[in-house]
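Topology and contacts: notes
As a plain string of letters, each chain reads:
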Amino acid sequence: MRESRMPQALGPLVLCSLLLVTACEPPGGGGTDSGNAFRAALTVQGEGDAITSARGVAAITLASLVLDKIEFKKCADSEGEDDEIDYEGPFDVDLLTGLTLGEIDLGFDAICGLELETEDHTGFTVVVEGTTTAGVPFRVENEFEFEVEVEGEEDLTESLNAFVLLFDVDAWFANADPDTGTVDNGEILISATSNADLLSTFESDFVTSARLALEAAL
């Protein structure tokens, strides 16, 4: 699976209350008690050393997911206000190209991970398309709602802290071999109504497949 360092950008996300304020402020805290603002940016993308190493998968041509909310988690002993720091979606992420979210100001000096949520979403939350090692096209269609906590303890600097949330797409098929699925009209469909046992296994590996890293460390 290819990775890209040229994800499409979104502008800074702004949360406003039309009833209570007359000016909008960027999401996140205004800095620590000392007045320093710790800025962060986040890119969401896929990874995988070689898709051919994934069980039963020869190639992946599409890997997308929907994220409704992404929240930086404050470490218990970090300095600063304990504000919720959210990217509010929904974001339709193409993991093969990646998606970079806008910069936000954090109100604390260290993070201990991310919390991801997808809920109350109509339609598919995860879609994967590719070819099995037997040469059969396959498609995964998943409508499940999920909440995932990703650990990753990092001290923040006063310069921009660029983070990358990586989903290991290979791991999604570590125990769900598409080649074992039933072929219908020349395709293996893995969904709630077709090859549902494979979908259940896929979901279990999906929720543990994410990791958080500093972009400079990759």
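Look above for the structure.
Within every chain, residues take consecutive numbers counted from 1 along the sequence as written. Given that this is a predicted model, residues contribute local features only at a pLDDT of at least 70 and side-chain atom pairs are listed and counted only at 80 or more, while totals for whole chains, interfaces and linings are drawn from all residues. To obtain the side-chain values, all non-hydrogen atoms of the structure were used and water was disregarded.

The buried label applies to any residue whose accessible area, calculated with a 1.4 Å probe on protein chains only, is under 20% of its type's maximum; exposed applies above 50%, and partly exposed to all values in between. The numbering of helices and of strands both runs from the N terminus, where a helix is a DSSP run of H or I of at least 4 residues and a strand a run of E of at least 2. Summarising burial for strand 11 (residues 161–168): six of the eight residues are buried, a large majority. When strand 2 (residues 38–47) meets strand 11, the two strands line up parallel, connected through eight bridges. The residue of strand 11 that forms the bridge with Val-44 is Leu-165. Two strands qualify as a pair provided that DSSP identifies no fewer than 2 bridges between them.

As a further point, take a negative patch on the surface. Residues with no salt bridge and a relative accessible area higher than 30% make up the patches, which join like charges within 9 Å and nonpolar side chains (Val, Leu, Ile, Met, Phe, Trp, Tyr) within 5 Å. Only the protein chains shown count as cover for residues, and all accessible areas are computed by the Shrake-Rupley method using a 1.4 Å probe. A carboxyl oxygen of Asp or Glu within 4 Å of a side-chain nitrogen of Lys or Arg is what we treat as a salt bridge. In summary, the charge assignment counts Lys and Arg as positive and Asp and Glu as negative, without counting His or the chain termini. Taken as the charge location is NZ of Lys, CZ of Arg, CG of Asp or CD of Glu. On the surface, Glu-119, Asp-120, Glu-145, Glu-147, Glu-149 and Glu-151 cluster together to form a negatively charged patch. The topology assignment puts Glu-119 in the loop between strand 7 (110–118) and strand 8 (126–132). Exposure remark for Glu-119: the relative accessible area of 43% places this residue in the partly exposed category.

Turning our eyes to something else, we now look at the environment of Thr-157. As for its placement among the helices and strands, Thr-157 is situated in the loop between strand 10 (146–155) and strand 11. Spatially, the C-alpha atoms of Thr-157 and Asp-109 are 7.4 Å apart, while their sequence positions differ by 48 residues. For this analysis, a polar contact is any N or O atom pair within 3.5 Å, provided that within protein one partner can donate a hydrogen and the other can accept it, and provided that sequence-adjacent residues contribute only side-chain to side-chain pairs. Within the structure, the side chain of Thr-157 is placed 3.0 Å from the side chain of Ser-159, a separation counted as a polar contact.

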